[in-house]
Amino acid sequence: MGHKVHPKSVRLGYIRDWESKWFSLKEMPDFIEEDRRLRVYLKNQLKLASVSKIVIERPGKYIRVNIYTSRPGIVIGKGGQGIENLRKEVESMTSKKSFINVMEIKKPELDAQLAAEGIAFQLEKQIAFRRAMKKTIEKAMASGAGGIKVMVSGRLGGAEIARTEWLKEGRVPLQTFRADIDYGFAESYTTMGQIGVKVWIFKKELFKKTTKDLIEEAKLVEASSDSIEQGKLPKQEVSK
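It should be emphasised that the depicted structure is a prediction, and the values quoted were computed from it without experimental measurement.

Turning to the overall build of the protein chain, a few remarks are in order. What the protein chain contains, in helices and strands, is seven helices and eight strands. Its C-alpha atoms give the protein chain a radius of gyration of 23 Å, more than 25% over the compact-globule value 18 Å for 240 residues. Referenced to the eigenvectors of the C-alpha coordinate spread, the extents of the protein chain come out at roughly 75 × 50 × 40 Å. For the protein chain, with 240 residues in total, the buried portion stands at 35%. Considering only intrachain contacts with a sequence separation of at least 6, the fraction spanning at least 24 residues in the protein chain is 60%. By element, 53% of the accessible surface of the protein chain is carried by carbon and sulfur atoms, the whole surface being about 15200 Å².

Dropping the structure here:
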């Protein structure tokens, strides 16, 4: 259950936003292909920068590229030279004036894409897959995740027959739309073959009041009722 739809796409319009922000029916095929080429190029150029996602906006005749990374210093480069080179390359690829913004990810342990890429990198270094999975789970839970699920598929440990292994800690409610679940996918190219890595990280439930919020709300109601009894506030003012 819960693996029939992509966790990000099913939440679009609820708690998730699109990674390509533009609309043009006439130029849609060209724009989709251009976005794909831009993402592939930037990902390859910034392999060591831990890039989670690239959001592309097209306001008018311009292109704005927002790069979400946990290592902004590598993207910006010395004296801003790195980001300037990227901007020139994007302009040459699109023939449009471009702007590049670098967004820092404060908690990379809670980013599913970075977690998946981290496991894939460890597998390429021939680290045991269970050890890599457990380490990632421990880091995510220590950083405040509500739950995490990690799945790897392929010739694990050099076995001749490919199989799927997964580990889970906490709760990951995939079918709850208000649940903020981050999903990441990466591929590891080992000497034994290709291994796929999937990571689901449950951060929190949106629109849900915590116990702390409910207690504070009850205190406010109680304080308001006491004020009414003492004649300090008119009833109309409290009802607002």
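This brings us to the packing of helix α4 (residues 112-124) against helix α5 (residues 129-142). Angle between the axes and distance between the axes are the two parameters that describe a pair of packed helices. Orientation of α4 relative to α5, taken along the N-to-C sense of each, is 155°, at an axis distance of 9 Å. Accordingly, the angle class assigned to the pair α4 and α5 is roughly antiparallel. α4 and α5 meet at a crossing whose hand is right-handed. Here A115, I119, Q122 and L123 of α4 lie close against α5, whose contacting residues are F129, A132, M133, K135 and T136.

Let us now look at the confidence of the model for the protein chain. Averaged over every residue, the pLDDT of the protein chain is 87; residues scoring 70 or more account for 90%. Mean pLDDT values over the elements of the protein chain span from 43, in helix α7 (residues 235-239), up to 96, in strand β5 (residues 147-154).

Time to look at the environment of L12. Its place among the elements puts L12 in the segment before β1 (20-21). Note: C-alpha distance between L12 and F177 (165 residues apart in sequence) is 9.6 Å. Once you skip the residues sitting within four places of it in the chain, L12 turns out to touch D17 and W18.

Quick look at the sheet that holds strand β8 (residues 193-205) now. With antiparallel pairing, four strands are arranged side by side in an open sheet as β6-β5-β8-β7. Two strands in the sheet have a free side with no partner beyond their single neighbour: β6 (163-170) and β7 (179-190). Here the average twist between neighbouring strands, direction ignored, is 10°. In the sheet, β5 pairs with β8 via seven bridges, with the strands oriented antiparallel. Along β8, the bridge assignment pairs G147 with F202. Packed onto the sheet, α4 meets β5, β7 and β8 and runs at close to 20° relative to β7. Each of β5 and β6 touches α5; the most contacted strand, β6, lies at about 25° to it.

Structurally, D111 is set in the loop between β4 (97-104) and α4. For the buried residue D111, which engages in no salt bridge, the nearest side chain bearing the opposite charge is K203, 5.6 Å off. A distance of 2.8 Å separates the side chain of D111 from the side chain of S52, its partner in a polar contact. Excluding residues within four positions of it along the chain, D111 makes contact with S52, I105, D182 and I201.

Counting residues in each nonpolar core, the largest one holds 22 residues, and the members touching the most others are I119, I148, V150, V152, V197, V199 and I201. Those elements giving two or more residues to this core turn out to be α4, α5, β5 and β8. It is α4 that provides the largest number of residues to this core, a total of six residues. Apart from residues lying up to four places away in sequence, V152 is in contact with I119, F129, M133, R163, T164, E165, I195, G196 and V197. With 15 residues, the next largest nonpolar core counts I54, I67, I83 and V90 among its residues.

Applying the stated rule across the entire model yields four aromatic pairs. Seen in terms of ring centroids, Y14 and F177 are 5.2 Å apart; in terms of plane orientation they differ by 50°. Their pairing is tilted. With Y14 in the segment before β1 and F177 in the loop between β6 and β7, this pair connects stretches of sequence that are 163 residues apart. Note on Y14: relative accessible area 55%, which makes it exposed. You can call F177 partly exposed: its relative accessible area is 35%. Ring centres 5.9 Å apart and planes at 55° place the aromatic pair Y62 and F99 in the tilted group. With a gap of 37 residues between them, Y62 in strand β3 (residues 62-69) and F99 in strand β4 connect regions that are remote in the sequence. Exposure remark for Y62: the relative accessible area of 42% places this residue in the partly exposed category. Above the ring of Y68, the side-chain terminus of K53 is found at 4.8 Å from the ring centroid.

Basis of the calculations
Residues numbered from 1 in each chain as written. Predicted model: local features only at pLDDT ≥ 70, side-chain atom pairs only at ≥ 80, totals over all residues. Heavy atoms only, no water. Helix = DSSP H or I, 4+ residues; strand = E, 2+ residues; numbered from the N terminus. Rg over C-alpha atoms; globule rule 2.2 N^0.38 Å. Buried < 20%, exposed > 50% of the residue type's maximum accessible area, 1.4 Å probe, protein only. Contact = heavy atoms within 4.5 Å. Areas by Shrake-Rupley, 256 points an atom, 1.4 Å probe, with all protein chains shown as cover. Axes fitted to C-alpha atoms, helices over the stretch in contact; angles between N-to-C directions. Parallel < 35°, antiparallel > 145°, perpendicular 65-115°, else oblique. Left-handed = near helix turned anticlockwise from the far one by under 90°. pLDDT = per-residue confidence, 0-100. Pairing = 2+ DSSP bridges. Lys, Arg positive; Asp, Glu negative; His and termini not counted. Salt bridge = Lys/Arg side-chain N within 4 Å of Asp/Glu carboxyl O. Polar contact = N/O pair within 3.5 Å; in protein donor to acceptor, adjacent residues only side chain to side chain. Core = buried A, V, L, I, M, F, W, Y, C linked by side-chain atoms within 4.5 Å. Phe/Tyr/Trp six-rings, centres within 6.5 Å; stacked < 30°, edge-to-face > 60°. Lys NZ or Arg CZ within 6 Å of the ring centre and 35° of its normal.

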